[in-house]
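Residue-level structural notes
These are the residues of each chain, in order.
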Amino acid sequence: MTAIHDALRRDLDELVHTKASRAAARARWAVFRDQLDFHLAAEDAALWPPARARLTGDPHGQALLDAMEDEQQLIGPLRP
């Protein structure tokens, strides 16, 4: 999980500071967006359900998961 998050942060930082042409930046964004979508879908399918089950009865843990999922939802509107 750390490796993919580090890679996404690195790639996003490179996109923000790119000196590439607009067309190249758009193409790179499309690849980044697709990788991010794949990662978020995998989290939704494989991470959140077992984490919720494990934290049943732990209000602090459930609140943390809620906050993490809320943060994930903020990404959607940023996509073109």
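Here is a short report on the structure shown in this document.

1. Examining the nonpolar core
A general feature of soluble globular proteins is that nonpolar side chains tend to end up buried together. Ranked by size, the top nonpolar core spans five residues in total: Leu8, Leu15, Phe32, Leu36 and Leu40. Going through the elements one at a time, α1 (2-16) and α2 (22-54) are the ones with two or more residues in this core. With three residues, the top contributor of residues to this core is α2. If near-sequence neighbours (up to four positions away) are discounted, Phe32 is found in contact with Leu8, Asp11, Leu12 and Leu15.

2. Observations concerning α2
Between its first and last C-alpha atoms α2 spans 45 Å; for 33 residues at 1.5 Å apiece the expected length is 48 Å, and the two agree. At Glu43, α2 shows its largest bend, some 40°. Listed in full, the buried residues belonging to α2 are Ala25, Phe32, Leu36, His39, Leu40, Glu43, Trp48 and Ala51. Against α1 and α3 (59-73) lie the buried residues of α2.

Procedures and definitions
Residues numbered from 1 in each chain as written. Predicted model: local features only at pLDDT ≥ 70, side-chain atom pairs only at ≥ 80, totals over all residues. Heavy atoms only, no water. Core = buried A, V, L, I, M, F, W, Y, C linked by side-chain atoms within 4.5 Å. Buried < 20%, exposed > 50% of the residue type's maximum accessible area, 1.4 Å probe, protein only. Helix = DSSP H or I, 4+ residues; strand = E, 2+ residues; numbered from the N terminus. Contact = heavy atoms within 4.5 Å. Expected span 1.5 Å × (residues − 1). Bend = angle between axes of the 7 residues up to and from the residue.

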